[in-house]
Amino acid sequence: MDEASARLLKFFEGRRLTPVQRRIAHCLVRRAADAPYLSSVEVARAAGVSQPSVTRFAVALGYDGYPALRRALRDPDRPAPGAAAGAAGPDTDGAGAGAVRPSRRVEGANPHQQAVLAELEHLRQLAALLADPRPVEEAARLLAASRPLPVLGLRAAAAQAAGFAWFAAKVHPDVRPLTVGGSELVDRIEAAAGAGAGALLCFALPRYPREVIPALAAARAAGLRVVLVADTAFPVVAEPGDLVLPAAVGTALSFDTACAPMMLGRVLLEAMCDVLPDAEGRLERFETRAAERGLFVE
């Protein structure tokens, strides 16, 4: 990667952008030498998006419009309007607990390598947070004791919730994945509470679906303790009584990467296995049945 592309990539790094806006950013990085002189129409054509999308992209970065952004691109090291040094942006927590530090950059690495390196940094941050095992242990006790155990995750977070629920069902007697929204979502949460659930696990990752808010409100109203695996220690969907376990998502590619939240989910499962009374026995019985049925290619 040349110096101009590297500087421009740093300019966009860590900003919360939609997939369309990330396409625009990546296009500008690829054409870094020309970017400060391209019109919004030219950028739109090169990125394969509409011209209004380019304007919205500039506004999302804090500028009055694309001309102001184009002027700023001539000096990528200059912060955007309102982005005072050290100030917390919309997707950081400032200097407080759970803050996500900027990822380390490696000179000469291409954008795909930088994305992987950023995920490695997120995993290092997660490892540092896990130095205090008490939050995960508390969450594991709550979830292990819940019968049934509802696991919520919508849209981008659905894959995380489904994966967690699939593995949790190997050691927990009644896991209920909730990965589809709609008018029946609250019904399913209330049914789980009526059946004896004491807690609900929610994967809350950006962009947060609007349906998550009433779903979590229904869970709290039904007396369920909410455990959140989220991209920040202070997600907008959380309430003071929730137990939040933060793990950063990557934003270097067109679509978010969630290696750290997935890893945190597996750590939480491991902690649940430590407190579920028959977890080892359930796993052994599964392996026996799997061998008898020939489920896996050896």
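The structure under discussion appears in the preceding block.
Here we summarise the structure given alongside this text. Remember, predicted model here, so these are calculated numbers, not experimental data.

1. Side note on the overall build of the protein
Step number 1: When helices and strands are tallied, the protein shows twelve helices and five strands.
Step number 2: Looking at the protein as a whole, 43% of its 298 residues are labelled buried.
Step number 3: For the protein, long-range pairs separated by at least 24 residues make up 68% of all intrachain contacts whose partners lie at least 6 apart in sequence.
Step number 4: For the protein, the computed accessible surface area is about 15400 Å², with 55% contributed by carbon and sulfur atoms.

2. Thoughts on the nonpolar core
Step number 1: Counting 34 residues, the largest nonpolar core has Leu143, Val151, Phe164, Leu201, Phe203, Leu268 and Met272 as its most contacted members.
Step number 2: Among the elements of the structure, α7 (134-145), β1 (149-152), α8 (158-168), β3 (199-204), β4 (225-230), β5 (243-246) and α11 (259-275) are those that each provide at least two residues to this core.
Step number 3: For this core, the element with the most residues is α11, which contributes six residues.
Step number 4: The next biggest cluster of nonpolar side chains, apart from the first, holds 27 residues, and it includes Leu9, Leu38, Tyr66 and Ala72.

3. What about the packing of aromatic side chains?
Step number 1: Going through the model one piece at a time under the given rule, you end up with three aromatic pairs.
Step number 2: Ring geometry for tryptophan 166 versus phenylalanine 167: centroids 5.0 Å apart, planes at 90°, classification edge-to-face.
Step number 3: Accessibility expressed as a relative area gives 38% for phenylalanine 167, which makes it partly exposed.
Step number 4: Positioned above the aromatic ring of tryptophan 166 is the side chain of lysine 170, whose terminal nitrogen or guanidinium carbon lies 3.4 Å from the ring centre.
Step number 5: Between the NZ or CZ atom of lysine 170 and the centre of the ring of phenylalanine 286, over which it lies, the distance is 5.0 Å.

4. A look at the pattern of salt bridges
Step number 1: On inspection of all chains with the given rule, the structure shows eight salt bridges.
Step number 2: A salt bridge links glutamate 184 to arginine 188; its shortest N-O distance comes to 3.8 Å.
Step number 3: Using a relative accessible area of 52% as the deciding quantity, one classes glutamate 184 as exposed.
Step number 4: For arginine 188, a relative accessible area of 29% corresponds to the partly exposed category.

5. Remarks on the layout of surface pockets
Step number 1: Reported here for the second largest pocket is a volume of approximately 320 Å³.
Step number 2: In terms of lining, the second largest pocket is formed by 19 residues, of which the most central are Ala156, Pro206, Arg207, Phe255 and Asp256.
Step number 3: Within the residue set of the lining of the second largest pocket, elements represented by two or more residues are α2 (19-30) and α8.
Step number 4: Residues belonging to the lining of the second largest pocket are distributed by class as follows: ten nonpolar, four polar and five charged.

6. Remarks on the pairing of strand β2 (residues 175-178)
Step number 1: In terms of strand pairing, β1 meets β2 through four bridges, oriented parallel. Within β2, the residue paired with proline 150 across the bridge is arginine 176.
Step number 2: Taken together, β1, α8 and β2 form a β-α-β motif whose crossover is right-handed.

Thresholds applied
- Residues numbered from 1 in each chain as written.
- Predicted model: local features only at pLDDT ≥ 70, side-chain atom pairs only at ≥ 80, totals over all residues.
- Heavy atoms only, no water.
- Helix = DSSP H or I, 4+ residues; strand = E, 2+ residues; numbered from the N terminus.
- Buried < 20%, exposed > 50% of the residue type's maximum accessible area, 1.4 Å probe, protein only.
- Contact = heavy atoms within 4.5 Å.
- Areas by Shrake-Rupley, 256 points an atom, 1.4 Å probe, with all protein chains shown as cover.
- Core = buried A, V, L, I, M, F, W, Y, C linked by side-chain atoms within 4.5 Å.
- Phe/Tyr/Trp six-rings, centres within 6.5 Å; stacked < 30°, edge-to-face > 60°.
- Lys NZ or Arg CZ within 6 Å of the ring centre and 35° of its normal.
- Salt bridge = Lys/Arg side-chain N within 4 Å of Asp/Glu carboxyl O.
- 1 Å grid on protein atoms, 1.4 Å probe; cavity = no way out; pocket = protein on both sides within 12 Å on 5 of 7 lines; lining within 4 Å.
- Points joined across faces, edges and corners; volume = space filled by probe spheres on them.
- Nonpolar A, V, L, I, M, F, W, Y, C, P; charged D, E, K, R; others polar.
- Pairing = 2+ DSSP bridges.
- Right-handed = clockwise from strand over helix to strand, strands pointing away.

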